[in-house]
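# Fold and contact review
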Amino acid sequence: MGKIISIVNQKGGVGKTTSAVNLVAALGIKGYKTLLVDIDPQGNSTSGFGINKRNLEKSSYNVLIGDCPASAATVKTDFKNVSVIPSSMDLAGAELELIELEKREARLKNALASVRDDFDFIFLDCPPSLGLITLNALCASDTLIVPIQCEFFALEGLSQLIQTVRTVKRLYNPYIEIEGVLLTMYNGQLNLTQQVVEEVKRCFPKKVYATVIPRNVRLSEAPSYGQPVMYYDKSSKGAHAYLDLADEFLKLNGKG
């Protein structure tokens, strides 16, 4: 049975989608069958795998509202062992539609049950908010990864996220845990970066990944070519960082 992991932070611009795309690609390269479910209406992780959102017949929107099974919306990508349930603009209105549906917080969990055995890992790229779509992701997930950028306002809003996770744990999903906290946009030469790292480690003891994701031009360029960074430039620092993160992730999951 595949493990389901949400990548979530309600603060935008923290490297959430970059981490989703590149960790999934790195795990695929290492031989693990991986599914990325793009439930962010912006659809950036869909584009990050070179999928044209305009040509989609089915998307995560259809899966969420029950129009089609997850398997019917799954797209096999050109990248090793990676499949995607893509996002579409329809997802922007899904929050309002979900309000009226029965067991609205469990729609995604129920939909993914039918494909869970087909993959080693299923990652959910969440929107930068704590609405009904993110609630669906947390209810469906075994764990969550929280990307945090090494900048001044890094911890802003995180208490709200932790409170939401506690509420989900109490009311809907007693098994959910924090998989890990990922430090992104890392620049070891800045004093501020070190201060942020220390503060994050204080707030999340034993949960912070040893691997950090550096600021890297190739990481920024790769999405515009519809490729994960290790396919765009496998020698770049960004590619090495996400391959190292995949190794650390696998080791923590007893597969290293």
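Anything mentioned here points back to the structure above.
Summary of the structure given here.

Rules of the game
- Residues numbered from 1 in each chain as written.
- Predicted model: local features only at pLDDT ≥ 70, side-chain atom pairs only at ≥ 80, totals over all residues.
- Heavy atoms only, no water.
- Pairing = 2+ DSSP bridges.
- Helix = DSSP H or I, 4+ residues; strand = E, 2+ residues; numbered from the N terminus.
- Contact = heavy atoms within 4.5 Å.
- Axes fitted to C-alpha atoms, helices over the stretch in contact; angles between N-to-C directions.
- Parallel < 35°, antiparallel > 145°, perpendicular 65-115°, else oblique.
- Nonpolar A, V, L, I, M, F, W, Y, C, P; charged D, E, K, R; others polar.
- Core = buried A, V, L, I, M, F, W, Y, C linked by side-chain atoms within 4.5 Å.
- Buried < 20%, exposed > 50% of the residue type's maximum accessible area, 1.4 Å probe, protein only.
- Polar contact = N/O pair within 3.5 Å; in protein donor to acceptor, adjacent residues only side chain to side chain.
- Salt bridge = Lys/Arg side-chain N within 4 Å of Asp/Glu carboxyl O.
- 1 Å grid on protein atoms, 1.4 Å probe; cavity = no way out; pocket = protein on both sides within 12 Å on 5 of 7 lines; lining within 4 Å.
- Points joined across faces, edges and corners; volume = space filled by probe spheres on them.
- Patch = residues over 30% accessible without salt bridge, like charges linked within 9 Å, V, L, I, M, F, W, Y side chains within 5 Å.
- Areas by Shrake-Rupley, 256 points an atom, 1.4 Å probe, with all protein chains shown as cover.
- Lys, Arg positive; Asp, Glu negative; His and termini not counted.
- Charge placed at Lys NZ, Arg CZ, Asp CG, Glu CD.

Read from one edge to the other, the open sheet built from seven strands follows the order E3-E4-E2-E5-E1-E6-E7, with strand pairing classed as mixed. For this open sheet the edge positions go to strand E3 (75-76) and strand E7 (177-184), each flanked by a neighbour on one side alone. The sheet contact formed by strand E1 (residues 3-7) and strand E6 (residues 143-149) spans three bridges and is parallel. Across the sheet, Ile 5 pairs through a bridge with Thr 143, a residue of E6. Helix-sheet contacts for helix H1 (residues 16-29) involve E1, strand E2 (34-38), strand E4 (82-85), strand E5 (121-125), E6 and E7, and the interaxial angle to E5 is about 165°.

Take the packing of H1 against helix H12 (residues 237-252) next. When two helices pack together, their arrangement is captured by the angle between the axes and the distance separating the axes. The geometry of H1 relative to H12 is characterised by a closest axis approach of 9 Å and an angle of 70° between their N-to-C directions. On the basis of the axis angle, H1 is roughly perpendicular to H12. Residue-level contacts link Thr 18, Ser 19, Asn 22, Leu 23, Ala 26 and Leu 27 of H1 to Tyr 242, Leu 243, Leu 245, Ala 246, Phe 249 and Leu 250 of H12. Among the residues forming the contact of H1 with H12, the class breakdown is nine nonpolar, three polar and no charged.

Here the focus is the nonpolar core. Among the nonpolar cores identified, the biggest contains 50 residues, and Ile 39, Leu 112, Leu 124 and Phe 204 are the most heavily contacted of them. Ranked by residue count, the leading element in this core is helix H7 (residues 132-140), at seven residues.

Moving on, we get to the pairing of E7. Judged by how many residues are buried, E7 sits mostly within the fold: seven of eight residues are covered. Looking at chain direction, E6 and E7 are connected through seven bridges and run parallel. For Ile 148, the partnering residue across the bridge sits in E7 and is Leu 183.

Moving on: the side chain of Asn 9. By the element assignment, Asn 9 lies in the loop between E1 and H1. Note on Asn 9: relative accessible area 2%, which makes it buried. Engagement of the side chain of Asn 9 in a polar contact is seen with the backbone oxygen of Pro 147, the distance being 2.8 Å. The residues touching Asn 9, leaving out its near neighbours within four places in the chain, are Val 14, Lys 16, Pro 127, Pro 128, Val 146, Pro 147, Ile 148, Leu 158 and Leu 161.

This paragraph deals with the pattern of salt bridges. What the rule picks out here adds up to ten salt bridges. For Arg 218, the salt bridge identified is with Asp 233, shortest N-O distance 2.8 Å. In this pair, Arg 218 sits in helix H10 (residues 217-221) while Asp 233 sits in the loop between helix H11 (229-232) and H12, placing the two residues 15 residues apart along the sequence. What emerges from the salt-bridge pattern is a single network uniting Lys 16, Asp 40 and Asp 125.

To continue, consider the layout of surface pockets. Size it by volume and the largest pocket reaches roughly 510 Å³. Lining the largest pocket we find 30 residues, and of these Gly 15, Lys 16, Thr 17, Thr 18 and Met 185 sit closest to its centre. Of all the secondary-structure elements, those providing two or more residues to the lining of the largest pocket are H1, helix H2 (44-48) and H10. The dominant element in the lining of the largest pocket, judged by the number of residues it contributes, is H1, at five residues. Taken together, the residues that form the lining of the largest pocket break down as 13 nonpolar, 13 polar and four charged. Taken as a whole, the second largest pocket holds about 220 Å³ of empty space. Lining the second largest pocket, in full, are Ile 162, Val 165, Arg 166, Lys 169, Ile 176, Glu 177, Ile 178, Cys 203, Phe 204, Pro 205 and Lys 207. Residue assignment for the lining of the second largest pocket shows that the elements contributing at least two residues are helix H8 (158-171) and E7. Ranked by residues supplied to the lining of the second largest pocket, first place goes to H8 with four residues. For the lining of the second largest pocket, the residue count by class is seven nonpolar, no polar and four charged.

Attention now goes to a negative patch on the surface. Taken together, the side chains of Asp 67, Asp 90, Glu 97 and Glu 100 present a region of like negative charge at the surface. Here Asp 90 shows up in the loop between E4 and helix H5 (94-99). Given a relative accessible area of 46%, Asp 90 falls into the partly exposed group.

Bear in mind that shape data such as this cannot, by itself, settle questions of function.
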